[in-house]
Every structure is written in C-alpha cells, then in structure tokens.
Amino acid sequence: MNHPVRVENLTVAYHGKPVLREVEFEAPGGKLIGIVGPNGAGKSTLIKSILGLVPRASGEVSIFGKPYGAQRKLIGYVPQRESVDWDFPTDALDVVLMGRYGHVGLFRRPKKEDREIAMSCLDKVGMANFAHRQISQLSGGQQQRVFLARALAQDAAVYFMDEPFAGVDAATEKAIIALLTELKEGGKTVIVVHHDLQTVTEYFDWLLLINMRKIAFGPTSEVFTAENLQKTYGGRLSHLQQPDVITPLREERAAHGGPVLDASL
C-alpha cells in the first residue's frame, strides 16, 4: 500500500546537533493528523524536512510511494505566519494564484480558469471581498485565511500546515477547522502542527506526539493518554483528569487568571 506520507528513520541536525532522531510513521489517507509536542521538539522541522526545505542527515520520505520531488504537485503547504514577508507588495488574489503555478507553470500567466479557481478559494475562506487588498493591510487572521486559500488552489492530495490556528480569532479558527474537515471528508490527508492541547481530541483523527523523536503515533483516542503526554512533556506537566480526556495544564496562568491549555511549554 502506498501511504500518502511515509517517513523512515528521519534524522535532522543543525550545526551537528540532532533536532530530530530516527522519526518514522506512515500517515493514512483521508485523515486529519495533528503533530503535537513542546517547543523545540522539532515539529516544524519535521514538516520542513519532509518538504525538502531543510536538509536531512539521514532517512527517507515518500509521497504515495515516490520521492517528494516527483510528487510536488500533490502537496499543499501553509507555513507559519511569522515566516512570511507580509510587506511584500502583492494582493490577496495574487497570493492565492501562486497556488496555481504547479498547474500552469512558473513562467506562464494564469488563465481565466485559474483566476476563477483562486476567487472560489478566497470565497471558501470568507475572503472574496478582500481579493484586491494588499496583504500587508490584512489582519493576522485574514492573512492566515489567504494562505489557506492558496493551499486550496493547489488542489493537493496532501496538506501540511504549520500552526494554522496560531494568533487567529475564534471565528477564523472555526472557519479553518471546518475547511480542514471538508478536505478530509474529500479524501485528502491533512497534517497539522498544533499547540492547543485542549482541542486535540475535538480536531484530530490521528496524532503524532513528538519530542525530538516519535513518542507515539496512531488514532487520537489511543495515543492521547496521560502516559504518552508525560513521556512527551516530562516533568513540566501536571495532569487534570476529565471525562473522556486527559488535559495537560501549564503552570503559568493566562492574563484572566485561568490555566492556559497549550503545548508551548
């Protein structure tokens, strides 16, 4: 069986120091998969190494049984907002049209059909009215929606998203998860770096717990346990047992005095 994503013994090192060690997993098709772990665990590095954006010290990655380079058109990617130059002089529609380059060619002009697809994708994320707005003039949540629309315009089979919910408002988060669920139900595989442990069981079918190495991978109902979370986060966690879910708590308090439930420990 050719899995949408297969990672074998992947190791990544920066300046000779390993940041990922022999990570391996096989992502099933048609699932919404979360990648969860503490800061510095290698979550973003894992995605970037799969996509060839950072070099691998060792290991192999295949997309539907073939090397990533041969399957590039099948991949959609939404990077962290912080890694994007939002001052670049372009509007929302042009950003989304970049997602069509794999279909029209890098040096060819998009056709009317491509522009219609791009507008449709903007409409799906509630940004059609901002098509000609400069991206620097958009809010953080609006910028994230535009980049999600760009990924949709690629019409990919596998989507990688690096913390798409970070820094967005509740309405945007709700819109994003609805769209990711729609992609999943359409048979797509969606792999998401996520930080809010409180929503893990609500959002994801499968889960990869990681802290420089794979701690656990499988259906969320089987993987999201106190034992696995303790292995992932170590002594930095206390645990609160709730019906049907075990939620790690940060010791720090939010500004309003309540516990912050996330994985940015």
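Residues numbered from 1 in each chain as written. Predicted model: local features only at pLDDT ≥ 70, side-chain atom pairs only at ≥ 80, totals over all residues. Heavy atoms only, no water.

## Thoughts on the sheet that holds strand β10 (residues 214–219)
Applied cut-off: The pairing criterion for strands is at least two bridges between them, as found by DSSP. Think of it this way: any DSSP run of H or I at least four residues long counts as a helix, any run of E at least two long counts as a strand, and we number them from the N terminus. An axis is simply a line fitted to the C-alpha atoms; with a helix, the fit covers only the stretch in contact. Between two such axes, the angle follows the N-to-C directions and lies from 0 to 180 degrees.
Strands sit in the order β6-β7-β8-β3-β9-β10 across an open sheet of 6 strands; the sheet is mixed. The outermost strands of the open sheet, each flanked by one partner alone, are β6 (75–78) and β10. On average, each strand axis in the sheet is inclined to that of its neighbour by 15°, with strand direction left out of account. Relative to strand β9 (residues 206–210), strand β3 (residues 32–36) is paired through 4 bridges, and the arrangement is parallel. Opposite Val36, over in β9, you have Leu209 as the bridge partner.

## Some words on unusual backbone geometry
The test is simple: The cut-offs for exposure are 20% and 50% of the maximum accessible area for each residue type, with area from a 1.4 Å probe on protein chains only; residues under the lower value are buried, those over the upper are exposed, and the others partly exposed.
Phi is positive for Glu163, which is not a glycine, with a value near 50°. If you check the backbone angles, Met212 has positive phi at about 70° while not being a glycine. Mapped onto the elements of the fold, Met212 is located in the loop between β9 and β10. On the basis of relative accessible area, Met212 is assigned to the partly exposed category, the value being 27%.

## Let's talk about the packing of aromatic side chains
Aromatic ring pairs: the centre-centre distance and the angle between the two ring planes describe each pair. To keep it simple, the criterion reads: Centres within 6.5 Å make a pair out of two Phe, Tyr or Trp rings, where for Trp the six-membered ring is used; the pair is then stacked when the planes are under 30 degrees apart, edge-to-face when over 60, and tilted otherwise.
Applying the stated criterion to the full structure yields 4 aromatic pairs. Aromatic pair Phe165 and Tyr203: ring centres 5.3 Å apart, planes at 40°, arrangement tilted. Residue Phe165 is found in the loop between β7 (158–162) and α6 (170–185), and its partner Tyr203 is found in helix α7 (residues 200–203); the two are separated by 38 residues along the sequence. Judged by relative accessible area, which is 4%, Phe165 ranks as buried. Residues Tyr203 and Phe204 carry aromatic rings whose centres are separated by 6.2 Å and whose planes lie at 80° to one another, so their mutual orientation is edge-to-face. Note on accessibility: Tyr203 and Phe204 belong to one class, buried.

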